[in-house]
Amino acid sequence: MECVFGLVGNGFAIVAADTSAVHSILVHKNNEDKIMLLDSHKLIAASGEPGDRVQFTEYVQKNVSLYQFRNGIPLTTAAAANFTRGELATALRKNPYSVNILMAGYDKEAGASLYYIDYIATLHKVDKGAFGYGSYFSLSTMDRHFRSDMSVEEAIELVDKCITEIRSRLVIAPPNFVIKIVDKDGARTHAWRQSVQDVTTASV
């Protein structure tokens, strides 16, 4: 029951994701961070099969770093999104990845942006987007309350509304979420919304 969603406000982008690592009917952990830092001003939030999600996002992260190392300049958010889409399209005809991505970034010229990339390599620049079962509730909530000129405080309030809606309406709702933001000051973790603490079982 994965939930990944994001939006673009006035000079920033926010992405949020659940932190549950599950398989079948089992919950393995409740603090899995599904939002990766691509570079200082880019975030990639992913949902899908755990192996594909981790392997593919790490592959994109290392290639973005390699480009900057070789050329001395970072990729723009649009370029990183198009590279990601190209790799998914290539894999689609060989060994496809079951992974859906929201990529958020901030560029000096273009400002904040959010890109929607699904498992069949569809790429769209969006103001708001979501993946997973939580998208049924987060998209409708954002449709009702989203504005393109939102401040950070207003956007966080909207994200919290989405999380509350998911927790109250989804039959098997993830308890914990992580929220990250990217703006002119860089990408960073804003907050964790936790209702369940991860418990480590003592070895017998």
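Remember, it's a predicted structure, so these values are computed and weren't measured experimentally.

Engineer: I'm lost on the packing of helix H3 (residues 135-145) against helix H4 (residues 152-169) in this one. Help?
Structural biologist: The N-to-C vectors of H3 and H4 enclose an angle of 140°; their axes lie 9 Å apart at closest approach. In the packing of H3 onto H4, the handedness of the crossing is right-handed. Side by side, H3 and H4 meet where Phe137, Ser138, Thr141, Met142 and His145 of the first sit next to Leu158, Lys161, Cys162, Glu165, Ile166 and Arg169 of the second.

Engineer: Honestly, the nonpolar core in this entry has me stumped. Any pointers?
Structural biologist: Grouped burial of nonpolar side chains is what soluble globular proteins tend to show. Membership of the largest hydrophobic core comes to 22 residues, with the highest contact counts inside it found for Phe5, Ile14 and Val159. Elements supplying a minimum of two residues to this core: strand S1 (3-8), strand S2 (12-18), H3, H4 and strand S11 (177-183). It is H4 that contributes the most residues to this core, 7 residues altogether. Discounting chain neighbours no more than four positions away, the residues touching Ile14 are Phe5, Gly6, Leu7, Ala155, Ile156, Val159, Ile179, Lys180 and Ile181. Counting 20 residues, the second-largest nonpolar core is a separate cluster that includes Met36, Val64, Ala91 and Met103.

Engineer: I keep staring at the packing of aromatic side chains and nothing clicks. Help me out?
Structural biologist: Here a ring pair, both rings aromatic, is described through the centre-centre distance and the interplanar angle of the planes. Scanning the entire structure with this criterion turns up 4 aromatic pairs. Counting every residue linked through ring pairs, the aromatic cluster contains Phe56, Tyr59 and Tyr97.

Engineer: It is not clear to me how the pattern of salt bridges should be interpreted in this structure. Could you clarify?
Structural biologist: Two side chains bearing opposite charge may form a pair once their charged atoms approach each other closely. Going through the model one piece at a time under the given rule, you end up with 13 salt bridges. With its nearest N and O atoms 3.3 Å apart, the salt bridge here joins Lys29 to Glu32. Classification of Glu32 by relative accessible area gives buried; the value is 17%. Taking the shortest distance from any N to any O, the salt bridge between Lys128 and Asp143 comes out at 3.6 Å. Taken together, the residues Lys128 in strand S10 (residues 128-132) and Asp143 in helix H3 connect sequence positions 15 residues apart. A relative accessible area of 25% places Lys128 in the partly exposed class. Linked through salt bridges whose partners overlap, the residues forming this network are Glu2, Asp18 and Lys34.

What counts, and at which threshold
- Residues numbered from 1 in each chain as written.
- Predicted model: local features only at pLDDT ≥ 70, side-chain atom pairs only at ≥ 80, totals over all residues.
- Heavy atoms only, no water.
- Axes fitted to C-alpha atoms, helices over the stretch in contact; angles between N-to-C directions.
- Helix = DSSP H or I, 4+ residues; strand = E, 2+ residues; numbered from the N terminus.
- Left-handed = near helix turned anticlockwise from the far one by under 90°.
- Contact = heavy atoms within 4.5 Å.
- Core = buried A, V, L, I, M, F, W, Y, C linked by side-chain atoms within 4.5 Å.
- Buried < 20%, exposed > 50% of the residue type's maximum accessible area, 1.4 Å probe, protein only.
- Phe/Tyr/Trp six-rings, centres within 6.5 Å; stacked < 30°, edge-to-face > 60°.
- Salt bridge = Lys/Arg side-chain N within 4 Å of Asp/Glu carboxyl O.

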